[in-house]
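The lines below spell out each chain.
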Amino acid sequence: MDPTSFPDAAMDVLLDSGVDAEEQLARLEAVPASADYYAVLNVPRTATPDEIKDAYKALCRIYHPDKHVDPATKDAAARQFVVLQRAHDVLSDPTKRTLYDLYGPDCPELAAAAASAGDGAPTGREVGPLLKTPDEIRAEYEDRIRRDNLNKLEQLIRQRGEVTVHIDALPLLFPGACDPPSESRQSPAVRMLQLKYSTDTPIDDTLVLGLSGRMSTQNGRGNGSLRATARKTVSRLTHAEISANLLAPHQVSTKIRHTLHEPTDTTVEADINWARVTTQPPTASVTLTRRLVKNHAIFGIVRFYSGHYRIGSWGKGDLATQIARAAENRTALQVSKDAVTSFQVGVQWNRGTTMNTATVNTSLFEQMVVVRHVRKIKLPGHAAAGPSLDLQAHLDTRQGALGAAWKLTHKVGEHLKLGLGVNFGSAVGVLLTAEIGYLGQRLALPISLFPEPNLVLCAAATALPLAASAAVWVAVLEPRRKRRLAQRIAEARARSAETFALRRDEALAAVQAQLPTVVTKFQRERDSAGGNGGGLIVLQALYGKVRELAAKQNRGQRLGGGAGSSAEILVLTPDEAAGVIDVTIPVMSLVANSALRIEAGASKAGMLGFFDPCPWEDKHLLVTYVFRGVYRQVLVSDTASLACPQRTHTIIEDMAKIPVSDQIKAIREQAGAGAQS
């Protein structure tokens, strides 16, 4: 396949021909600017400094310009020697090698070092794996640093905003059910408006300062609050938080959370709330949480709340004071739940995307049971952040509330998220909610459709918005997403095509530099082994979609097995258009002392003399060789190691159908002519 020619990405995506567009784009954008240095030196990733040094010296014998006389070959060798030096410079330096292993060849520190290397000015294009001028590298990494700084700034000042506009649609939908009833339809009314804003600023790794505000108005009355918060990580097991309401009524809260036993996730949390300093002692609650079943997300929860109390004459809101005041005034006793001591026991169990909670709360005046079930369902979609459906069901015996809710959310853009849901229950009636979120800012529009539960209206509130959303998605959003995705793929493929074309040119130059060495090795291996059939000679090496080409050419024939591991011999002709190239010369250049070794862990496309004929597809290396008169063949995957000769490799018994590369035929004729002369 010609690396500069690609299929029409726009047609693939727009026609939905089964192409995973997001995966294509991710692979295209992840194409590194340089080859794998381990593959260049043909060493494993665990190679020692001595192994790297030996591999570098062995390759220098092939690519050092002083080893070549012909000007064209000398120039090709010089280009590859630059690549070889760069790989050795990085992998032989412990610091650079660590940076390379962690961040890859595009690490800014490595690129800066490469751009500043050398004595002269840039020559217009850096040969070798970088394939970019120093100015291009500098511009690219200045842009990357700028984007990194913006991301750090966004993380440094984390802001959250929320606007909630509660709309009462009852006058519009059911004017007769209003109080007082009306015969004509009226405009929807805004029942409540609420604004929330919060920002967090990390001071260091253990301290975060925050400021939050809230303002709401309902039925002509409004209120607001402004709260400052400080969160401190005392240790790995202990976290503390203190917050204060800066507006009246002033209030101070303190939370301390400590992990008692890590294997069982046992934690204790103390919460002290001081609302009225002069008239009321602070209330306190202690919560103990523990994992009940090992290796399962099942937690038990125990919580004790102090309620209001009196210390001498300090305290006027305790239960005894409220009873005495009601008896003195001969009024009905109205006890706030905050004033009563309570005890709560609960259990929470999670499984996958499902969370279940059951709690029992008991106090002097009431007993309450709350059961809640939440499930998150990932809906099928093209993007990784596709639509998801949240389902909830709850039961609250204190309020007599029984209800259910669903919410559909979808990430439309990189930062834009849309949500739509319906809440159905005795406490809220039928409530339709639409949400828009962007970069931490959220707009919520809860719309009250009916004050009481109504199954017909709930079904209509579910079906109509979903149908409208589906229509908008099919007609507008999905085509727009595909068009933009196709455009990004086309742009990325254009950039990648240039990179692959340059790598192809470099591979052909490497083959030109390897040819004199291969001729010498061919003659040495042919005449070695003391007349015992010769040493190791690679007859043909093919790289790419070998299995697919075998099926296409239909030339896999059973030619006899013997001691081999398989009886199937592949007799193929290289076809670059089909994704298979001839790499006989690069493989033969690695033969030393009648042995061939290619290390595992890196794609063979990064080796000198190789290039990728079929990007992002499965590739194999097929090697046919002869050693001491025995012809064998072996097929290995792209990142697997290869060692020749091996007794387990398939033996070719039919001498008339042994695949031989045209390059080896030419070298054989050249060597034969030299021997006769």
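Everything numeric in this text was worked out from a predicted model, so none of it was measured.

Participant: Quick question: what am I supposed to make of the overall build of the protein chain here?
Facilitator: Along the backbone of the protein chain there are 14 helices and 26 strands. For the protein chain, buried positions account for 37% of its 677 residues. Intrachain contacts of the protein chain at a sequence separation of at least 6 include 53% that bridge at least 24 residues. Put simply, the protein chain shows about 37400 Å² of open surface, and 56% of that area lies on carbon and sulfur atoms.

Participant: In this structure, what is going on with the nonpolar core? I would like to understand it.
Facilitator: Across soluble globular proteins, nonpolar side chains show a tendency to be buried alongside one another. In terms of nonpolar packing, the biggest core is built from 67 residues, with Leu 41, Leu 84, Leu 596, Leu 621 and Leu 642 touching the most fellow members. Looking at this core, the element that brings in the most residues is helix α5 (residues 71–91), giving eight residues. In this structure, Ala 169, Phe 424, Leu 457 and Ala 461 belong to the second largest nonpolar core, which totals 13 residues.

Participant: What should I look at first to understand the sheet that holds strand β26 (residues 650–651) in this one?
Facilitator: Strand pairing in a sheet takes place through backbone hydrogen bonds and is either antiparallel or parallel in direction. One open sheet holds the five strands; their spatial order is β21-β18-β23-β24-β26, and the pairing between them is antiparallel. Edge strands, defined here as strands with exactly one partner in the open sheet, are β21 (580–582) and β26. Bridging between strand β23 (residues 620–627) and strand β24 (residues 630–637) involves eight bridges; their strand directions are antiparallel. Residue pairing in the sheet places Thr 624 in a bridge with Gln 633 of β24.

Participant: Help me understand the packing of α5 against helix α6 (residues 94–103) in this model?
Facilitator: It is the contact of α5 with α6, at a shortest axis distance of 6 Å, that shows an interaxial angle of 100°. When the axis of α5 is compared with that of α6, the two are roughly perpendicular. Counted together, Asp 89, Val 90 and Leu 91 of α5 and Lys 96, Arg 97 and Tyr 100 of α6 form the full contact between these two elements. In the contact of α5 with α6, the residues fall into three nonpolar, no polar and three charged.

Participant: Any chance you could explain helix α11 (residues 455–526) here in plain terms?
Facilitator: The α-helix advances 3.6 residues per turn, and as a result positions three or four apart in sequence lie on the same side. Relative to the 106 Å expected for 72 residues at 1.5 Å per residue, α11 spans just 88 Å between its end C-alpha atoms, considerably shorter than the ideal helical length. Taking the largest bend as the criterion, α11 deviates by roughly 45°, centred on Trp 473. Near the N-terminus of α11, the side chain that reaches the backbone nitrogen of Val 456, with its oxygen 3.1 Å away, is that of Asn 454.

Participant: Can you walk me through α5 in this structure?
Facilitator: In this model, α5 (21 residues) spans 30 Å end to end at C-alpha, consistent with the 30 Å of a helix rising 1.5 Å per residue. Those residues of α5 that sit buried are Thr 73, Ala 76, Ala 77, Gln 80, Phe 81, Val 83, Leu 84, Arg 86, Ala 87, His 88, Val 90 and Leu 91.

Participant: Teacher, can you tell me more about the packing of α5 against α11 here?
Facilitator: Any two packed helices are characterised by how steeply their axes cross, that is the angle between the axes, and by the distance between the axes. Here α5 crosses α11 at 120°, and the two axes come no closer than 8 Å. One finds that α5 runs oblique with respect to α11. The handedness of the crossing between α5 and α11 comes out as left-handed. Facing Ala 72, Thr 73, Ala 76, Ala 77, Arg 79 and Gln 80 of α5, the residues of α11 in contact are Glu 506, Ala 509, Ala 510, Gln 512, Ala 513 and Pro 516. When the residues that make up the contact of α5 with α11 are grouped by side-chain class, the tally is seven nonpolar, three polar and two charged.

Participant: How should the pairing of strand β1 (residues 158–168) be read in this particular structure?
Facilitator: In summary, the side chains of a regular strand alternate between the two faces of the sheet. Sheet topology places β1 next to strand β2 (residues 189–202); eleven bridges connect them, and they run antiparallel. The partner of Arg 158 across the bridge, within β2, is Asp 200. Pairing geometry for β1 and strand β17 (residues 441–450), over six bridges, is parallel. Following the sheet pairing, Glu 162 is matched in β17 by Arg 442.

Cut-offs used in this document
- Residues numbered from 1 in each chain as written.
- Predicted model: local features only at pLDDT ≥ 70, side-chain atom pairs only at ≥ 80, totals over all residues.
- Heavy atoms only, no water.
- Helix = DSSP H or I, 4+ residues; strand = E, 2+ residues; numbered from the N terminus.
- Buried < 20%, exposed > 50% of the residue type's maximum accessible area, 1.4 Å probe, protein only.
- Contact = heavy atoms within 4.5 Å.
- Areas by Shrake-Rupley, 256 points an atom, 1.4 Å probe, with all protein chains shown as cover.
- Core = buried A, V, L, I, M, F, W, Y, C linked by side-chain atoms within 4.5 Å.
- Pairing = 2+ DSSP bridges.
- Axes fitted to C-alpha atoms, helices over the stretch in contact; angles between N-to-C directions.
- Parallel < 35°, antiparallel > 145°, perpendicular 65-115°, else oblique.
- Nonpolar A, V, L, I, M, F, W, Y, C, P; charged D, E, K, R; others polar.
- Expected span 1.5 Å × (residues − 1).
- Bend = angle between axes of the 7 residues up to and from the residue.
- Polar contact = N/O pair within 3.5 Å; in protein donor to acceptor, adjacent residues only side chain to side chain.
- Left-handed = near helix turned anticlockwise from the far one by under 90°.

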